[in-house]
Amino acid sequence: MSQNAEKIIDHEMLFREPEYVEMFDNKKKNFEFGFPISKMEEIRDWTKTKEYQDLNFAREGLTVNPAKACQPLGAVFAAVGFAKTLPFVHGSQGCVAYYRSHFSRHFKEPTSCVSSSMTEDAAVFGGLNNMIDGLSNAYNIYKPDMIAVSTTCMAEVIGDDLGSFIRTSKQKGSVPEEYDVPFAHTPAFVGSHITGYDNALKGVLSHFWEGQERKPNESINFIGGFDGNVVGNMPEIRRILNQFDAKYTVVCDPSEVWNTPTDGEFRMYDGGTTKDEVKQALNAKATLSFQGFSTEKTTKYIAEKGQEVVSLYHPMGVAGTDNLLMEIARLTGKPIPESLEKERGRLMDAIADSSSHIHGKKFALYGDPDLMLGMTAFLLELGAEPVHVLSTNGDKDWAEKVQALFDASPFGKGCHVYPKKDLWHMRSLLFTEPVDLLIGNTYGKYLERDCDVPLIRMGFPIFDRHHHHRFPIWGYEGSMRVLVAILDEIFEALDANTIDTAKTDYSYDIIR
Ligand code: SF4
């Protein structure tokens, strides 16, 4: 055996040992039908053609590699944003293991979340008993201040009614009658993780706000939306708001529990919006959402309660951040602090320093609709061309907003937006209309290899690089980081293309 206790070989090198090479060969012969490599190459090359692209774009009723996750994942994200709150998913354990591992792999932190462990009997007879036992166990073992309930597709397919299940569970003594159990139905076969975030957040707000009288004050609510950079973005937003000396509440803030220190104490709960803050948020003068598409139902509900609602789409870049600061200034009646004006000047300076390298570069990007809007606006501002902008969970309304950005910029000519398309569509686009750089989450890694286009990691999830989530991408400072990430990849590609000694290395420069 190549592997032994004296010398542990990591999988990177282990599977190159002779016994594994032989095993892979046998697998190919015996289980993969020994299909000729030449035929596979012929078909693979055909999938790179325009003919194949037309067939690919004509497909209906089949999604291949969607750039989205299912609703309950977003509902768990929303629940984690409230103080001492345990996310509880009514459904099977496997789904919840997926949410926990997804968040833990991205944020490199444990993510607490329980399920009602529905199995075959619950699928046939309904999951009421699972809810009764599950709420009781969760309440007694993990001692949360609040349990936020959502559903998987299994519970939705059989039509379990969360409202009546929770009422019955309380009558049976699972949790006290007055205990807070906000809930939201989050059918996984509709929408995406941002729909689940939206439904769950609205569920928490309506749990505390329904039947309450609103007494308006001068405070402003801020809602971040489903955001892979929340650990970096939320402190950055608080830093900006504190410079305004604004009275504000961040509604749903998981940035602390996904950023706990290693100091010997496990914090199952840390930070987050408290129940009192949620109740008070009803009285705010206005609510600003950083991601309009991620909070569509929530912001509609808030507006119905009488608050002014402002929806942004990832405030990135100079104009995006200007817009955010002007809205904060307008809503609070306070001037934009000089310190932030200086930050703006520094970002402008950095853009001017690097403009010649980014100008005219072609990009393809995919991800959540709000991130795509913010990133497209920033790229156009930099003089880059976002040639392919794709979002699996973006709709017609989103596509019109992206098109409006293209139309307002000379660099938007020849750029196209693709709502409700997946990463297999993107693959076709990258072969028939190649670009210089790709922007998206970790799953773009396979496109990077397949289509030979460098990937700049942005969005959720980022599994194969560490700690990106710790840094902001919003505001002038966050945009500076995005700018550096883009430039690093441009320079890496330039170095790789000029590395041949005595052939191309006349441009393998120290100064860029
Ligand atoms: S799609 Fe359905 S089965 Fe899959 S993880 Fe989501 S809720 Fe579970």
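The coordinates are above.
Structure report, in brief. From a predicted model like this one, the values you see are computed outputs, not experimental measurements. Per chain, residues are indexed from 1 in the order of the written sequence. Confidence filtering applies because this is a predicted model: local features only for residues at pLDDT of at least 70, side-chain atom pairs given and counted only at 80 or more, and all residues used for totals across whole chains, interfaces and linings. The side-chain quantities take in all heavy atoms of the structure and omit both hydrogens and water.

A word on the overall build of the protein chain
Okay, step 1: What the protein chain contains, in helices and strands, is 21 helices and twelve strands.
Okay, step 2: In terms of its C-alpha atoms, the protein chain occupies a principal-axis envelope of roughly 75 × 65 × 55 Å.
Okay, step 3: A 1.4 Å probe rolled over the protein chains alone gives each residue an accessible area, and that area as a share of the maximum for its type sets the label: buried under 20%, exposed over 50%, partly exposed in between. Scored against the burial criterion, the 512 residues of the protein chain give a buried share of 51%.
Okay, step 4: A separation of at least 24 residues holds for 72% of the contacts in the protein chain among residues at least 6 apart in sequence.
Okay, step 5: Note on areas: Shrake-Rupley, 1.4 Å probe, and residue coverage restricted to the protein chains presented here. Of the roughly 24,000 Å² of accessible surface on the protein chain, a fraction of 53% belongs to carbon and sulfur atoms.
Okay, step 6: Within this scheme the basic residues Lys and Arg register as positive and the acidic residues Asp and Glu register as negative, but His and the chain ends are omitted. Note on charges: their place is set at NZ of Lys, CZ of Arg, CG of Asp or CD of Glu. Of the side chains in the protein chain, 53 bear a positive and 72 a negative charge, and the two mean positions are spaced by 2 Å. We count a stretch as a helix when DSSP gives it H or I for four or more residues in a row; a strand needs E for two or more, and each element gets its number in order from the N terminus. Any two residues whose heavy atoms approach within 4.5 Å are treated as being in contact.

Some words on the packing of helix H15 (residues 317-332) against helix H21 (residues 475-497)
Okay, step 1: Running from amino to carboxyl end, H15 crosses H21 at an angle of 160°, the nearest separation of the two axes being 9 Å. Comparing their axes, H21 and H15 come out roughly antiparallel. Seen from above, H15 lies across H21 with right-handed handedness. Touching Gly317, Val318, Thr321, Asp322 and Leu325 of H15 are Gly475, Tyr476 and Ser479, all from H21.
Okay, step 2: Within the contact of H15 with H21, the residues separate by chemical class into three nonpolar, four polar and one charged. Simply put, an axis is a line fit to the C-alpha atoms, just over the touching stretch for a helix, and the angle between two N-to-C directions goes from 0 to 180 degrees. In this scheme, roughly parallel covers angles under 35 degrees and roughly antiparallel covers those over 145, while 65 to 115 is roughly perpendicular and the rest are oblique. Helix crossings fall into two classes, left-handed where the near helix is turned counterclockwise from the far one by less than a right angle and right-handed where it is turned clockwise. Only Asp, Glu, Lys and Arg are considered charged in this grouping, and only Ala, Val, Leu, Ile, Met, Phe, Trp, Tyr, Cys and Pro are considered nonpolar; every other residue, Gly among them, is considered polar.

Overview of the pairing of strand S10 (residues 416-419)
For a regular strand, the rule is simple: side chains alternate between the two faces of the sheet.
Okay, step 1: Strands qualify as paired when DSSP identifies two bridges or more between them. One ladder, built from four bridges, connects strand S9 (residues 385-391) with S10; its direction is parallel. Residue Val389 lies in a different strand from S10, and its bridge partner there is Val417.
Okay, step 2: For the segment spanning S9, helix H18 (residues 396-407) and S10, crossover handedness is right-handed. When the strands point away from the viewer and the path from the first strand over the helix to the second turns clockwise, the crossover is right-handed.

Thoughts on the sheet that holds strand S7 (residues 308-311)
Okay, step 1: The four strands are arranged S5-S4-S6-S7 in an open sheet whose pairing can be described as parallel. Only two strands of the sheet have a single neighbouring strand rather than two, namely strand S5 (248-250) and S7. For this sheet, the mean angle separating the axes of adjacent strands, direction not counted, is 20°.
Okay, step 2: Alignment of strand S4 (residues 220-223) against S5, held across three bridges, turns out to be parallel. What sits directly across from Phe222, in S5, is Val250.
Okay, step 3: The strands touched by H15 within the sheet are S4, strand S6 (286-289) and S7, with S7 carrying the most contacts at an inclination of about 170°.

Remarks on the sheet that holds S10
Okay, step 1: In spatial order, the strands read S10-S9-S8-S11-S12; together these five strands make up an open sheet with parallel pairing. Edge positions in the open sheet fall to S10 and strand S12 (455-457), since each of these has one partner strand only. Strand-to-strand twist of the sheet, defined as the mean angle between neighbouring strand axes without regard to direction, takes the value 15°.
Okay, step 2: Together, strand S8 (362-366), strand S11 (437-440) and S12 form the strand contacts of H21, whose direction differs from that of S12 by roughly 155°.

Describing the side chain of Thr376
Okay, step 1: Looking at where Thr376 falls in the secondary structure, it is placed in helix H17 (residues 369-381).
Okay, step 2: You can call Thr376 buried: its relative accessible area is 0%.
Okay, step 3: Contacts described as polar in this section are N or O atom pairs within 3.5 Å, which, within protein, must combine one atom able to donate a hydrogen with one able to accept it, while residues neighboring in sequence count only if both atoms come from side chains. A distance of 2.6 Å separates a polar atom in the side chain of Thr376 from the backbone oxygen of Met372.
Okay, step 4: When near neighbours in sequence (up to four residues on either side) are disregarded, Thr376 contacts Leu365, Pro386, Val389, Val402, Leu405 and Phe406.

A word on the packing of aromatic side chains
Okay, step 1: For Phe, Tyr and Trp, rings pair up if their centres lie within 6.5 Å, where Trp contributes its six-membered ring, and each pair is then called stacked (planes under 30 degrees apart), edge-to-face (over 60) or tilted (otherwise). Applying the stated rule across the entire model yields 23 aromatic pairs.
Okay, step 2: Pairing Phe293 with Tyr313 gives two aromatic rings, centres 5.5 Å apart and planes at 40°, and the pair type is tilted. Taken together, the positions of Phe293 in the loop between S6 and helix H14 (296-304) and Tyr313 in the loop between S7 and H15 put the pair 20 residues apart, joining distant regions of the chain.
Okay, step 3: The class of Phe293 is buried, set by a relative accessible area of 8%.
Okay, step 4: For Tyr313, a relative accessible area of 27% translates into the label partly exposed.

As for the pattern of salt bridges
Okay, step 1: In the sections that follow, a salt bridge refers to a side-chain nitrogen of Lys or Arg positioned within 4 Å of a carboxyl oxygen of Asp or Glu. Going through the model one piece at a time under the given rule, you end up with 27 salt bridges.
Okay, step 2: Close ionic contact of Lys48 with Asp45 constitutes a salt bridge, the shortest N to O distance being 3.7 Å.
Okay, step 3: Relative accessible area serves as the criterion here: at 28%, Lys48 is assigned to the partly exposed category.
Okay, step 4: Classification of Asp45 as partly exposed rests on a relative accessible area of 42%.
Okay, step 5: Taking the shortest distance from any N to any O, the salt bridge between Glu236 and Arg239 comes out at 2.8 Å. In this pair, Glu236 and Arg239 are both assigned in helix H12 (residues 230-244), three residues apart and thus about one turn of the helix distant.
Okay, step 6: Residues joined by salt bridges that share partners form a network here, namely Lys445, Glu448, Arg457, Asp464 and Arg465.

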